Structure formats: C-alpha cells, structure tokens
2 protein chains.
Amino acid sequence: MYNFDEKSYRKEAELTYETRTDIEQIADMISKEGFSNIFFIASGGSLAIMNPVHYVLKQRTAIPVYLEVAAEVIHTGNKELTKDSLVITASKSGTTKETVAVTKWCIEQGIRVFALCGKMDSPLSQLATYSVIGKAKDAPEFEYMQLFMFTMRLLHNNCEFPDYNRFADQLATLPKDLIRFRDEFEPQAMKIAEVCHKEPYQMWIGGGSIWGEIYSFTMCVLEEMQWNRTKAVTSAEFFHGTLELVEKDTPVVLVKNDDNTRMLDERVENFLPKVCDKYFVIDLHNFRFSQIDDQFRAILMAPICSAIIGDCLSAHYEKCSGHSLDIRRYYRQMEY
Amino acid sequence: MYNFDEKSYRKEAELTYETRTDIEQIADMISKEGFSNIFFIASGGSLAIMNPVHYVLKQRTAIPVYLEVAAEVIHTGNKELTKDSLVITASKSGTTKETVAVTKWCIEQGIRVFALCGKMDSPLSQLATYSVIGKAKDAPEFEYMQLFMFTMRLLHNNCEFPDYNRFADQLATLPKDLIRFRDEFEPQAMKIAEVCHKEPYQMWIGGGSIWGEIYSFTMCVLEEMQWNRTKAVTSAEFFHGTLELVEKDTPVVLVKNDDNTRMLDERVENFLPKVCDKYFVIDLHNFRFSQIDDQFRAILMAPICSAIIGDCLSAHYEKCSGHSLDIRRYYRQMEY
C-alpha cells in the first residue's frame, strides 16, 4: 500500500499483542472486584473508537454499557456512573484535555478507570486506576484489538463469551489480514480519493457497528486533516432528511457493513443509483479473514474500516490533494 | 411571528395539556407494575425529540435509560431490552415504517410500548400497549410537554422528582412563553435566514440537552425541507476536527444552552471571532419563562429551541429562499 510502512506495522502489531497478558490480568482483577456497569468515556477520535466497542457490547452483554462524551459528562454527571462503575477511556497522546479531566474527576469520586494511552508516563496513564500502553504509533485497529481483548474478557468472566480464548488467540492474526485488506482496497481507494478530494462537499453513509469509523473519518480525517466539507449520516437515518440533498453529481460514499445491520445499508444502495451518478460503495463483505472464525466476524467490522478507510483511503486523499494530513491551523495551535 | 397561527397554536396547546390526566394515569399504572429500565426508540424527527428527554433523564434518575434508533435495534437487539423494559416511542404520522415495525417487534416479545402518535387509529397507536394522541399538528414542543409529563411522573413515582405536580402545573404556561419567545427571536431569525439561506453550506453547533434539536433542524429542516448542505456538531466535539473547516466566510450558527453544559458552548464562542466573520450566536439564556421556576429551566431547553429554531427560523428560511418547507423530491415519493 502507498505510504505504508509494513515492517513497522508488523512490529507494532506484535507490541500490541504482547499487552494481552496485562489486559487479561486487569480484566480478571476487575471481574473479581465486581462492577455494576461499564462507561465508555472519551473525546474525538478516541470517542469514535469507543462507539463500535459499545455497539458490539450492548448486543452481547447483560451488563449495562453506556457511552459518554468526556467534556459533557464531567458537567452533567450521569446517575448510573457511580463508585461501582467501570470507566473505559483512551487517548493517543495521553494528554487530551477533556479525557484527562474526566479521569481525574472519576478517580476523585472513587470510580475505577481503565485507560489505553499512547504514551507511558502521560497525565492520563498516571491518573488512571489501570492503564495499558498502546505501543503503536497511530493505528486505531491496535486500540480496537486491546479494547476488544479487555471487554470480551470481561464478558467471558461474566459467562457471556465462552470462546474468549479462541477469539483472543485468533486476534493475533488480524494485523496480517489488515495489511492484505489495505492492498485489496487500494484500487478503490485511489478511485474514491481521485474523485472526492477535489469536491467542495461529500456525503458519507454507514451505520451500526461502524458508525464510529464514519464519524471519525469524516470529522477527524476529511475535516481536520484535509479541510474537506462533509456530511456523515447513518444508513438508518439517511432516509429521514439527508436523502433530499442527493443529486446526480453529489459525491456519496456508502460503507456496507457485514453484520446484522447490513440490510439498512442495502436500502441506501438501492436508492442511490435512482438519483445519483457519483456514488461509491465500499463493501466490507469483500474483506475476508484468513484465520478468524466467522462467529467473531461481526465484532471486527470497525478494525477493517480503520485499516482500509482510516489509513489507506486517508493516504490516497493526501496523495491526490497534496495537503499533508499533519497540518492544523487551529487545533493545538492556539488557545480557546 | 411571520406565518404563525397563534390562535390555532393556543388551541393545540390546550388540547395537548388536556392529555395530562391520561398520561399520568398511564405512568402511574406502569410504575405500579414496575419496570427495570426505559428505552427511547424512534426514527428521524421523533428520534431527535427523544434525545433531549433521554439527556435530561440520565442526569436525574437511577433508572437506566437508553436511546436506540428504531431501524437498528430491531436488527441488533439490545441485551438490556427485555420484558421488564418500558419502551417510549413516537411518530407524528403514526405510520413511520421503522417505528411501527419496532413496536410490533416489542409487543410480540411482551415488551410494553408507550407511544405518542399524531393520529388516532394509526398503525402505531393500534399496536402500542399505551398510546396518547398528540392533537397538535406539527409542534414538537407539544410532544416535549407530553414526554416530560410522562417521564417526570415516572421519576416522581420513583421518589426522584418530588416537585412533579408543581412542574406539571407550570407546564401549562409554557406555550404562551413559547409564543413570546418566537416574537423575541424573530429579528435574529430574519438576520440568520437572510444570510444563511443562500449559502452552499452552513455549520451548526450546539450540544448537551439540545443536541437533538440541532440534529433535527439541520437534517429534517435544512436538508430535507430546504435542500441546504449542513454540518451539525456538538460544542464538545467541534474541537476534535470540524473547527479546522472554519474560515472567515464560513456561515456558522452556535446555539448556547442555558444549563450545565453552557461552558462548552462558551469555548466555541471564544474561538469563533478569532477566525470567522460570519457567525451567529443564539443564546437560550435570553428566553425567560414567566411562570416556570428556575429549578425546572434546565429540563426545558429543547422546547425553547423547537419554538424559536424549529418553527420561527424555519419559516424565515422558507420566506427568504422561496422554497416551500413541504416539497420532497424523494421521501415518501418513491420506493427504496
């Protein structure tokens, strides 16, 4: 894949997988202590990653699971967020202001916080009750691996995911699939980026367990890193307003999930050709795992998206636009 | 206010308030039966209305509350959604496909559904365990009145809202405040509509308990009814991507909440003048109730938004653009 350092990716995958023992030990300790519910709390890109994990969990566990925006919950509270809760958070830099603040606020109230941090000795890792270092530089799919190991282990301990060990063993093979998926997706990535990078506006549609990825790619990549105007909407909600905007030459990208919400994407897919000539369909069904059981497939839709869209497609937008993904004019450049 | 039939609004307000007794009787019956949690489930505009109610409730009740998209939850399920749950739904027409389907699905599983329907004898009202008719034509603020009477009564029965009767009594005075707010807001509505209706793109920012209104105004009014391209983002999340899009001449509207998340809006308000010349701030603090206690104010931010933005501002967009709010080119015009 263009602009992809496979060697270092493989190394990072190994470093990530090495955290399995730590993650499981922490999960087992927490299960032993007991907890009444799970709160996923984060900001921006890390919030987007929590979304699919939350989405998968609520279908599989009788433990109540909640998703909150860090900056908001610190002001509003949530009656379910108590000393018996388990908070799961993450920050790549380990310094995200709102995430650090909410972690401090939780700890002061005696609420346990499990944090994934990109950096050792960051404010977040120092504050959190339990922290695991994400040794990978910038690949959300490794954070998904860690989050799914952690949460599925909790479910396993709650007698809700008996095949945890098989799942976690097979997760070791995910990174090499994700490398292959990048290559398989690259021709389509080139086509999409070539058309869409120069559009004044583009619409992205997808939902269910990959909504977090659609949200994050449009906001954190296209808007933040490419300064492209976007609209992101779920396949379910598309028909309650946004559809009226679509014209022959509106650039639209639909990402079809490969799980139980797929038929909602198919409804969009049926509609688009009737009114639009400039749409693309990315079908996650085409990306097949080599050694991961079908029973685990639905859990892992978001990591596929992260690899092919968040990474591969981002690189091709950058290539086409000549606009570096690293330029910010405001974020962390000024006080507000 | 322009294009506002005050007389019929007052009549509809009365008809709405007359449902109080029915609503309370149903709530009391459900409280007596008992329930383990509350699920708000709907689609599009009705989902947008559930959002603020869910947001207010999660800060005030130890009863677990969840918000789900009708079209999705029917495919995914949710482990917390059981026979002991109480589902709250709504549909103006009483025919919204996904909402009718999810209600049928719930009833088949023995899950109780409370439905607000715009029409008597609609498929939704016939299916639901309990239904209350919204006699108002098209004013979400009346649905808010009914939903808050119903849910706050449940909290009252759960010893979490002792002042329910005072609150419900005072709610009777809300409509006349909302009429006055329309008049007070109209000069600003004219300015915003005049500038923004001809823009190829506009950004709307707001969050906390009014996020549903921002979501709904951009998607269900600007996109669906005016065919204007929009980006809606919460004040908290604005700084995690979307801010990079703002330039001197980007049209931006910030709606400042008047509750515990207000400081997140203030952060956006501090940022905007540094980079943008074409922004508007709608401050909900300026709209003061005449006979509703301050202690209830935070509950009622969304109805204020609905009156001034959803209704008054919509009318002024229509006036400026000459594009009727009633035209649809696809929605319910074709099969998909």
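Residues numbered from 1 in each chain as written. Chains lettered and ligands numbered in written order. Predicted model: local features only at pLDDT ≥ 70, side-chain atom pairs only at ≥ 80, totals over all residues. Heavy atoms only, no water.

Looking at an unreviewed UniProt entry, chain A carries the name SIS domain-containing protein, with the source organism given as Copranaerobaculum intestinale.

Visitor: Tell me about the overall build of chain A, and name the residues and values.
Guide: Each helix and strand in chain A was counted, giving 14 helices and nine strands. Projected onto its principal axes, the C-alpha coordinates of chain A cover approximately 55 × 50 × 45 Å. Looking at chain A as a whole, 65% of its 336 residues are labelled buried. For chain A, the share of sequence-separated contacts (at least 6 apart) that also reach a separation of at least 24 residues comes to 79%. In the structure as shown, chain A presents an accessible area of about 11,900 Å², 50% of it carried by carbon and sulfur atoms. The average position of the 37 basic charges and that of the 48 acidic charges among the side chains of chain A differ by 1 Å. (Helix = DSSP H or I, 4+ residues; strand = E, 2+ residues; numbered from the N terminus. Buried < 20%, exposed > 50% of the residue type's maximum accessible area, 1.4 Å probe, protein only. Contact = heavy atoms within 4.5 Å. Areas by Shrake-Rupley, 256 points an atom, 1.4 Å probe, with all protein chains shown as cover. Lys, Arg positive; Asp, Glu negative; His and termini not counted. Charge placed at Lys NZ, Arg CZ, Asp CG, Glu CD.)

Visitor: Go over the interface of chain B and chain A, please, and point to the residues and values.
Guide: On the side of chain A, 68 residues touch chain B, which itself brings 67 residues to the contact. Carbon and sulfur atoms supply 55% of the area that chain B and chain A bury against each other, a total of about 6,000 Å² over both sides. On the chain B side of the contact with chain A, His240(B), Glu244(B) and Tyr336(B) bury the most area, a combined 13% of that side's loss. At the boundary of chain B and chain A, one finds eight salt bridges. Between Glu247(A) and Arg329(B) there is a salt bridge, with its nearest N and O atoms 3.5 Å apart. Secondary-structure elements contributing two or more residues to the side of chain B that touches chain A are α3 (44-58), β2 (65-69), α4 (70-76), α10 (211-226), β7 (230-233), α11 (235-238) and α12 (262-275) of chain B. Its residues assigned to classes, the side of chain B that touches chain A comprises 28 nonpolar, 20 polar and 19 charged. (Buried area = accessible area lost by both parts, 1.4 Å probe. Salt bridge = Lys/Arg side-chain N within 4 Å of Asp/Glu carboxyl O. Nonpolar A, V, L, I, M, F, W, Y, C, P; charged D, E, K, R; others polar.)

Visitor: Give me the side chain of Arg112(B): which residues, what numbers.
Guide: All names here are of chain B. Inspection of the secondary structure puts Arg112 in strand β4 (residues 112-117). Arg112 gets classed as buried once you look at its relative accessible area, which sits at 12%. A distance of 2.7 Å separates the side chain of Arg112 from the side chain of Glu33, its partner in a polar contact. Of note is the side chain of Arg112, whose polar atom sits 2.9 Å from the backbone oxygen of Gly34. The residues contacting Arg112, other than those within four sequence positions of it, are Ile30, Glu33, Gly34, Phe35, Lys83, Asp84, Ser85, Leu86, Val87, Thr129 and Tyr130. (Polar contact = N/O pair within 3.5 Å; in protein donor to acceptor, adjacent residues only side chain to side chain.)

Visitor: Give a description of the relation of the copies chain B and chain A that names residues and reports values.
Guide: Placing chain B over chain A gives an RMSD of 0.0 Å and needs a rotation angle of 180°, together with 0.0 Å of translation along the axis. Between the two chains, the operation in question is that of a two-fold axis. The rotation axis passes nearest to the C-alpha of Lys231(B) in chain B, at a distance of 3.0 Å. Looking at chain B, 100% of its interface residues are interface residues in chain A too, so the copies touch through the same face. (Least-squares fit on C-alpha atoms with pLDDT ≥ 70 in both.)

Visitor: Any details on the environment of Ser31(B)? Residues and values, ideally.
Guide: All names here are of chain B. Locating Ser31 in the fold gives a position in helix α2 (residues 20-33). Measuring from C-alpha to C-alpha, the distance between Ser31 and Asp183 comes to 40 Å, with 152 residues separating the pair along the chain. Sequence-distant contacts of Ser31, defined by excluding residues within four places in its chain, comprise Leu154 and Asn157. Within the local environment of Ser31, its side chain forms a polar contact with the side chain of Asn157, the two groups lying 2.9 Å apart.

Visitor: With reference to specific residues and values, describe the sheet that holds strand β8 (residues 252-256) of chain A.
Guide: Residues and elements named next belong to chain A. The strand order across the open sheet formed by four strands is β7-β6-β8-β9, and the pairing between neighbours is parallel. The open sheet is flanked by β7 (230-233) and β9 (279-283), the only strands paired with a single partner. Taking each pair of neighbouring strands and ignoring which way they run, the sheet shows an average axis angle of 15°. Pairing analysis gives five bridges linking β8 to β9, with the strands arranged parallel. Considered in β9, the bridge of Val252 is made with Tyr279. Each of β6 (202-205), β8 and β9 touches helix α12 (residues 262-275); the most contacted strand, β8, lies at about 150° to it. (Pairing = 2+ DSSP bridges. Axes fitted to C-alpha atoms, helices over the stretch in contact; angles between N-to-C directions.)

Visitor: Can you lay out the packing of helix α2 (residues 20-33) of chain A against helix α7 (residues 140-157) of chain A for me, pointing to particular residues and giving the numbers?
Guide: All names here are of chain A. Running from amino to carboxyl end, α2 crosses α7 at an angle of 35°, the nearest separation of the two axes being 9 Å. For the pair α2 and α7, the sense of crossing is right-handed. On α7, the residues that touch Arg20, Ile23, Glu24, Ile26, Ala27, Asp28, Ile30 and Ser31 of α2 are Gln146, Met149, Phe150, Arg153, Leu154 and Asn157. (Left-handed = near helix turned anticlockwise from the far one by under 90°.)

Visitor: Can you break down unusual backbone geometry residue by residue, with the values?
Guide: What you tend to see is this: most non-glycine residues have negative phi, and most peptide bonds are trans. With phi around 55°, Asn3(A) is a residue other than glycine that occupies positive phi space. With respect to the helices and strands, Asn3(A) occurs in the segment before α1 (6-17). According to the relative accessible area criterion, Asn3(A) is exposed, its value standing at 56%. In this model, Arg332(B) sits at a positive phi of 60°, which is unusual for a non-glycine residue.

Visitor: Quick one: what's the story with the domain arrangement of chain A, residue by residue and with numbers?
Guide: All names here are of chain A. With domains assigned, chain A is organised as domain 1 (6-171) and domain 2 (174-321). Relative placement of domain 1 and domain 2: their C-alpha centres are 25 Å apart. On the side of domain 2, 28 residues touch domain 1, which itself brings 26 residues to the contact. Both faces considered, domain 1 and domain 2 share a buried interface measuring about 2,200 Å² in area, 64% of it formed by carbon and sulfur atoms. Applying the counting rule to domain 1 against domain 2 returns two salt bridges. (Domains from an automatic or database assignment.)

Visitor: Requested: an account of the pattern of salt bridges, with residues and values cited.
Guide: Side chains that differ in sign of charge can pair as their charged atoms come close. Residues and elements named next belong to chain A. Under the definition given, this model contains 50 salt bridges over all chains. Linking Lys11 and Glu14 is a salt bridge whose minimum nitrogen-to-oxygen distance equals 3.9 Å. Placement of the pair is Lys11 and Glu14 together in helix α1, with a separation of three residues, close to one helical turn. Given a relative accessible area of 44%, Lys11 falls into the partly exposed group.

Visitor: Requested: an account of the sheet that holds strand β6 (residues 202-205) of chain B, with residues and values cited.
Guide: Residues and elements named next belong to chain B. Spatially, β7-β6-β8-β9 is the arrangement adopted by the four strands of the open sheet, whose pairing is parallel. The open sheet has two free edges, formed respectively by β7 and β9 (279-283), since each of these has just one partner strand. The sheet shows a mean angle of 15° between the axes of neighbouring strands, taken without regard to direction. Strand direction decides the pairing type here: β6 and strand β8 (residues 252-256), joined by three bridges, are parallel. Looking at the pairing, Met203 lines up with Val252 of β8. Along the sheet, α12 makes contact with β6, β8 and β9, crossing β8 at roughly 150°.

Visitor: Residue-level account of the packing of α7(A) against helix α14 (residues 301-321) of chain A, with values.
Guide: Residue and element names in this part refer to chain A. Relative to each other, α7 and α14 sit at 165°, their axes nearing to 8 Å. In terms of orientation, α7 and α14 fall into the roughly antiparallel class. Between α7 and α14 lies a crossing of left-handed hand. Of the residues in α14, those in contact with Pro140, Glu141 and Tyr144 of α7 are Ala302, Pro303, Ser306 and Ala307. Each residue belonging to the contact of α7 with α14 can be placed in one class, and the counts come to five nonpolar, one polar and one charged. (Parallel < 35°, antiparallel > 145°, perpendicular 65-115°, else oblique.)

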